[in-house]
Amino acid sequence: MESTKAVLTADIVNSTLMDGKDLNDLIVMIRSEFKQSKVSSEFYRGDSFHLLTEVEDAFEMALKLRVLARQVANVGAGGNADIRIAIGLGKVQDGIKSMALGKGEAFLLSGRELDLISKSQVRLSIRCSDSKIDPGLEAVALLADMILKDLSSKQAEVLSELLMGYTQMEVALKLKKSQSTINKLAQAGNWSQLEKASQIYRKLAFYIQD
């Protein structure tokens, strides 16, 4: 049997340039996000991972992982850490016991796309086999990638909380900052554009479901 799912294949960008503690902290944060989101996942080669989730949740998951990384320093690279993510949307075999042995269209699309973007500056890409939907997914990923690449650690911290569903007032209380400061950081991080991109993704994803 097969089901329509999303597969995220990803790696931590320039992980060899990161301080050992910072890299370990980031991996712990990523694993914590996996556990909280209750998704199937598997690390390989130390700094790379596969993730299996529902199609409608894939884009938001990618955003959460990217903003987590942007909060961690990569001193060797002269900035903040980042994660390169390729999302493949399509059929996968049910009952997968090992992500490394996963079979199906979504695994193929995701793996091939990560290989392609690894040779460029692109750090987020989404692919499906439907030629009518694929260009829209590509545009959504491009917009999000442009925003996420330039996030400061403070902007990423605020966006991380907003992605969990908290209001700006709740984020202000949690981070012990004024609401105006949270609002400014959200605006500087283009939060409203990311929200719009998420809405568009969900509309496109609707047509890929079983």
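Below or above, wherever it landed, is the structure these notes cover.

So, the overall build of the protein chain
On a plain count of helices and strands, the protein chain comes out with 8 helices and 7 strands. Taking all 210 residues of the protein chain together, 50% fall into the buried category. Taking all contacts inside the protein chain whose residues are at least 6 apart in sequence as the whole, residues at least 24 apart take part in 69%. A total of about 10700 Å² of accessible surface is found on the protein chain, and carbon and sulfur atoms cover 51% of it.

Considering the nonpolar core
In terms of nonpolar packing, the biggest core is built from 58 residues, with L65, I87, L89 and Y201 touching the most fellow members. Of the residues forming this core, the biggest block, 8 residues, is contributed by helix α2 (residues 58-69). When neighbours within four sequence positions are excluded, L65 is seen to be in contact with L8, I30, E33, F34, F49, L51, I83 and I85. Counting residues in each nonpolar core, the second largest holds 6 residues, with L52, V92, M99 and A106 among its members.

Comments concerning the sheet that holds strand β3 (residues 48-53)
Read from one edge to the other, the open sheet built from 5 strands follows the order β2-β3-β1-β6-β7, with strand pairing classed as mixed. At either end of the open sheet lies a strand with only one pairing partner, and these are β2 (40-44) and β7 (124-128). Strand-to-strand twist across the sheet, computed as the mean angle between neighbouring axes with direction ignored, equals 15°. Pairing between strand β1 (residues 2-12) and β3: 6 bridges, direction antiparallel. Each residue of the ladder has a partner; that of T9, found in β3, is H50. Against the sheet, α2 engages β1, β3, β6 (83-93) and β7, with an angle of about 155° to β6. Relative to the sheet, helix α4 (residues 134-149) contacts β6 and β7, its axis offset from that of β7 by approximately 170°.

Description of the pattern of salt bridges
Under the counting rule described, the total for this entry stands at 13 salt bridges. Across the pair R127 and E138 runs a salt bridge whose closest N-O atoms are separated by 3.5 Å. One end of the pair, R127, is in strand β7; the other, E138, is in helix α4, and 11 residues separate them in sequence. Judged by its relative accessible area of 17%, R127 is buried. A single network of salt bridges, built from pairs that share partners, joins R66, D82, R123, D145 and K149.

Some remarks on the packing of aromatic side chains
Per the counting criterion, the structure on display carries 5 aromatic pairs. Ring geometry for F206 against Y207: centres 5.4 Å apart, planes inclined by 85°, an arrangement best described as edge-to-face. In this structure Y207 comes out as exposed when scored by relative accessible area, which is 60%. Among the aromatic residues, those joined into a ring-pair cluster are F34, F43 and F49.

Basis of the calculations
Residues numbered from 1 in each chain as written. Predicted model: local features only at pLDDT ≥ 70, side-chain atom pairs only at ≥ 80, totals over all residues. Heavy atoms only, no water. Helix = DSSP H or I, 4+ residues; strand = E, 2+ residues; numbered from the N terminus. Buried < 20%, exposed > 50% of the residue type's maximum accessible area, 1.4 Å probe, protein only. Contact = heavy atoms within 4.5 Å. Areas by Shrake-Rupley, 256 points an atom, 1.4 Å probe, with all protein chains shown as cover. Core = buried A, V, L, I, M, F, W, Y, C linked by side-chain atoms within 4.5 Å. Pairing = 2+ DSSP bridges. Axes fitted to C-alpha atoms, helices over the stretch in contact; angles between N-to-C directions. Salt bridge = Lys/Arg side-chain N within 4 Å of Asp/Glu carboxyl O. Phe/Tyr/Trp six-rings, centres within 6.5 Å; stacked < 30°, edge-to-face > 60°.

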